Amino acid sequence: MIKTLKYNWTTIKRFHCKEGYIDIWTGDMGSDPDNKVASRVSLNAFITLYRLNDGKWIDRVNRSIKTSLYDDEIRELFTAEEIFKQ
């Protein structure tokens, strides 16, 4: 199941897996989705951040994660941690 959630000042996509979930946020590099308010600085460069089960946001993940997250069958067969660490 994929949900769109309001998180602080922004919106994230949450991908539920067999166990756990992976969140994705895309926004300006000058912003941090964990901040309570949006940054007033805009670098006009976008970044996509990922996090596993409310952990730390990271920007570098294996490209196959992106494909796996949009595949319902893979998310039903594997845990979020297994997909995240593939």
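Residues numbered from 1 in each chain as written. Predicted model: local features only at pLDDT ≥ 70, side-chain atom pairs only at ≥ 80, totals over all residues. Heavy atoms only, no water.

Peer 1: Just to check I follow, could you spell out the nonpolar core for this structure?
Peer 2: The nonpolar side chains of a soluble globular protein tend to be buried with one another. Within the largest apolar cluster, 11 residues are counted, these being F15, C17, I22, I24, Y50, L52, I65, L69, A80, I83 and F84. Elements that contribute at least two residues to this core include exactly strand 3 (21-28), strand 4 (46-52), helix 1 (63-69) and helix 3 (80-84). The greatest single-element share of this core, amounting to 3 residues, is contributed by helix 3. If sequence neighbours within four positions are ignored, I83 has contacts with C17, I22, I65, S68, L69, I74, R75 and F78. Grouped together as the second largest cluster of nonpolar side chains are 5 residues, I12, W25, L49 and W57 included. (Core = buried A, V, L, I, M, F, W, Y, C linked by side-chain atoms within 4.5 Å. Buried < 20%, exposed > 50% of the residue type's maximum accessible area, 1.4 Å probe, protein only. Helix = DSSP H or I, 4+ residues; strand = E, 2+ residues; numbered from the N terminus. Contact = heavy atoms within 4.5 Å.)

Peer 1: Please explain unusual backbone geometry as it appears in this structure.
Peer 2: With the exception of glycine, most residues fall at negative phi, and the peptide bonds are largely trans. Positive phi is not limited to glycine here, since N44 has a value of about 55°. With respect to the helices and strands, N44 occurs in the loop between strand 3 and strand 4. For D54, which is not glycine, the phi dihedral falls at a positive 65°. Checked against the element boundaries, D54 lands in the loop between strand 4 and helix 1. The exposure class assigned to D54 is partly exposed, which follows from its relative accessible area of 45%.

Peer 1: Is there a simple way to think about the sheet that holds strand 3 in this case?
Peer 2: Within a sheet, adjacent strands bond to each other through the backbone by hydrogen bonds, running parallel or antiparallel. Overall, antiparallel pairing links the 4 strands, which are arranged 1-2-3-4 in an open sheet. Of all strands in the sheet, those bounded by a partner on one side alone are strand 1 (2-7) and strand 4. Adjacent strand axes in the sheet meet at a mean angle of 25° when their direction is disregarded. Alignment of strand 3 against strand 4, held across 7 bridges, turns out to be antiparallel. Its bridge partner lying in strand 4, D23 is registered against R51. (Pairing = 2+ DSSP bridges. Axes fitted to C-alpha atoms, helices over the stretch in contact; angles between N-to-C directions.)

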